[in-house]
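Each chain is listed here by its residues.
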Protein chains: 2
Amino acid sequence: MSSGTSAKVLSLSLNSLKVACSQCNLRELCLPFGLSSHEVHRLDSLIETRRKVKRGQHLYHAGDVFEAIYAVKTGFFKTDVLLEDGRDQVTGFQMAGELLGLDGISGDAHTCSAVALEDSEVCAIPFAELENLSSDIPTLQRHLHRVLSREIVKDHGVMMLLGSMRAEERLAAFLLNLSQRFLARGYSASEFHLRMTREEIGSYLGLKLETVSRTFSHFQDSGLISVQQKHIRIMNTEGLHQLIKQKNC
Amino acid sequence: MSSGTSAKVLSLSLNSLKVACSQCNLRELCLPFGLSSHEVHRLDSLIETRRKVKRGQHLYHAGDVFEAIYAVKTGFFKTDVLLEDGRDQVTGFQMAGELLGLDGISGDAHTCSAVALEDSEVCAIPFAELENLSSDIPTLQRHLHRVLSREIVKDHGVMMLLGSMRAEERLAAFLLNLSQRFLARGYSASEFHLRMTREEIGSYLGLKLETVSRTFSHFQDSGLISVQQKHIRIMNTEGLHQLIKQKNC
DNA sequence: TCTGTACTTTGATTTGCGTCAAACGGGTGG
DNA sequence: CCACCCGTTTGACGCAAATCAAAGTACAGA
């Protein structure tokens, strides 16, 4: 009991540890991209704490007051929107260096929920202060706009996928997207661990979990990938690409 | 021939007519929202020309250099993205007061194409200058961020629709969305003219044109709407809402 | 270590939407 | 005013993915 409590105190003190952007190895992927070292230090002063989020915990819920955006420092998240009738849909998966909460800027509340898919850490960036700072630093302002716009472009890609691709194409595109993002972070592009369940993949891709599972099996039978539960190995990247490109069938 | 040339000159001079935001009856829907009159005048100075776009003409193509965003002054547009294999998908329809080209901010080129669905006029807003101005005017900066974020939220709505709704639900949601936007512009919420074809609706909603047509007919048979070609009359708004809310069937 | 639970896989069957096809209607240009 | 063409409607049929069902597997907590 007492050891549990002290562990908690320890973890709280760790939570409030300052983590400077200037020291962060993700800075080239994240918000500080392109800033001079002086400018990065000004950004540092905004980011007061990192926050730990345990697997399964929410970083924020839809409806929560919007105050900050979050940069994923370590770990893996999903965001999802809820429909009034109870249906929900995963709108994205976020990994290290990616931003969470951009949808909240439009109003005063978050419009989706963010859940950690593994134990994670995020940097909270108070948005009002970020706006002030970006008025002062054109490079930061430009980058913030690009980040917001990139999110729109990304969503268009998903809309394309949901609106005009078949199950195999969707899953192939999904795997290639993950692969590329892992690669950009220094991990293997061909072998990785899925942090999400088949159901979450299905929700994101507009498919049922059984379809996701079956399609993984088909890919394996075709020698495109090897699947063992959540462990994926891409055997034929080009083959996956071909699958998407081929016209309508 | 010569009369054609002089008509062109005339149209060019009309094109370069200055249309001030401060005089525009859309300013409460559009970028100047919330600005003081002094600030609106500063915004005026950015917007050098309005541009006419005839029905069927492109405002910009995917791949065009990105320099400006556009505010629809009159008319109706669609935007679409192209896949390498030739498939394309409509990503949105834009009416008066709405902005076009936000996806281009992420890079140096537009990522989708914008086509006028009826003779239209737009205000071109040079983006680099807009960024400069928004550094100076916090209200404008805040509003620009909201607009960008709102686009993300809107796209999440479409993803929801494409990923987890059935054909009838998609079309009902589409009609209700149009209805509301017409209402916000002072037009009838219950009776309007569709500017797009069944195929374009289908492309946007991830359905084939035959399915769109059939679903319209079903709605009409159920007394929810009345359809005559492109003329729509909503007879039972609540019924359309119910259709979306009801769980899974 | 054992047990329960959550996740995954696979099979059988159903169904909503796509595809193919043909007829119809309205607006546009000659 | 007429004829053509594009867009729309409607029907018949097929298929991809959903649904229903059941067995198998991994992992967390007792």
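Residues numbered from 1 in each chain as written. Chains lettered and ligands numbered in written order. Predicted model: local features only at pLDDT ≥ 70, side-chain atom pairs only at ≥ 80, totals over all residues. Heavy atoms only, no water.

In this section: the side chain of A:Arg170. Residues and elements named next belong to chain A. Along the chain, arginine 170 turns up in helix α5 (residues 167–184). The buried charged residue arginine 170 lacks any salt bridge, with glutamate 169 as its nearest oppositely charged partner at 7.0 Å. If sequence neighbours within four positions are ignored, arginine 170 has contacts with Leu161, Leu162, Met165, Leu205, Gly206 and Leu207. (Helix = DSSP H or I, 4+ residues; strand = E, 2+ residues; numbered from the N terminus. Buried < 20%, exposed > 50% of the residue type's maximum accessible area, 1.4 Å probe, protein only. Lys, Arg positive; Asp, Glu negative; His and termini not counted. Salt bridge = Lys/Arg side-chain N within 4 Å of Asp/Glu carboxyl O. Contact = heavy atoms within 4.5 Å.)

So, on to the environment of B:Gly75. Residues and elements named next belong to chain B. Its place among the elements puts glycine 75 in strand β3 (residues 68–82). A relative accessible area of 16% means that glycine 75 is categorised as buried. For the pair glycine 75 and asparagine 25, spaced 50 residues apart in sequence, the C-alpha to C-alpha distance is 14 Å. What glycine 75 contacts, discounting residues up to four positions off in sequence, is Gln94, Met95, Ala96, Glu118, Asp119 and Ser120.

Moving on: the domain arrangement of chain A. All names here are of chain A. The assigned domain composition of chain A is domain 1 (3–160) and domain 2 (165–248). Between the C-alpha centres of domain 1 and domain 2 the distance comes to 26 Å. Across the domain 1/domain 2 interface, buried area totals approximately 1400 Å², and carbon plus sulfur atoms make up 59% of it. It is Phe76, Phe93 and Met95 in domain 1 that bury the most area against domain 2; as a group they hold 38% of the surface buried on that side. On the surface where domain 1 and domain 2 come into contact, there are 4 salt bridges. Seen at the junction of domain 1 and domain 2, the total is 8 residue pairs in polar contact (both at pLDDT 80 or more). (Domains from an automatic or database assignment. Buried area = accessible area lost by both parts, 1.4 Å probe. Polar contact = N/O pair within 3.5 Å; in protein donor to acceptor, adjacent residues only side chain to side chain.)

The subject of this paragraph is the packing of helix α4 (residues 138–164) of chain A against helix α4 (residues 138–164) of chain B. Put simply, α4(A) and α4(B) touch, their axes get as near as 9 Å, and they point 15 degrees apart. When the axes of α4(A) and α4(B) are compared, the pair comes out roughly parallel. As for how α4(A) packs across α4(B), the hand of that crossing is left-handed. Only B:Leu144, B:His145, B:Leu148, B:Glu151, B:Ile152, B:Asp155, B:His156, B:Val158, B:Met159, B:Leu162 and B:Gly163 of α4(B) make contact with α4(A), whose side of the interface consists of A:Leu144, A:His145, A:Leu148, A:Glu151, A:Ile152, A:Asp155, A:His156, A:Val158, A:Met159, A:Leu162 and A:Gly163. Considering only residue class, the contact of α4(A) with α4(B) consists of 12 nonpolar, 6 polar and 4 charged. (Axes fitted to C-alpha atoms, helices over the stretch in contact; angles between N-to-C directions. Parallel < 35°, antiparallel > 145°, perpendicular 65-115°, else oblique. Left-handed = near helix turned anticlockwise from the far one by under 90°. Nonpolar A, V, L, I, M, F, W, Y, C, P; charged D, E, K, R; others polar.)

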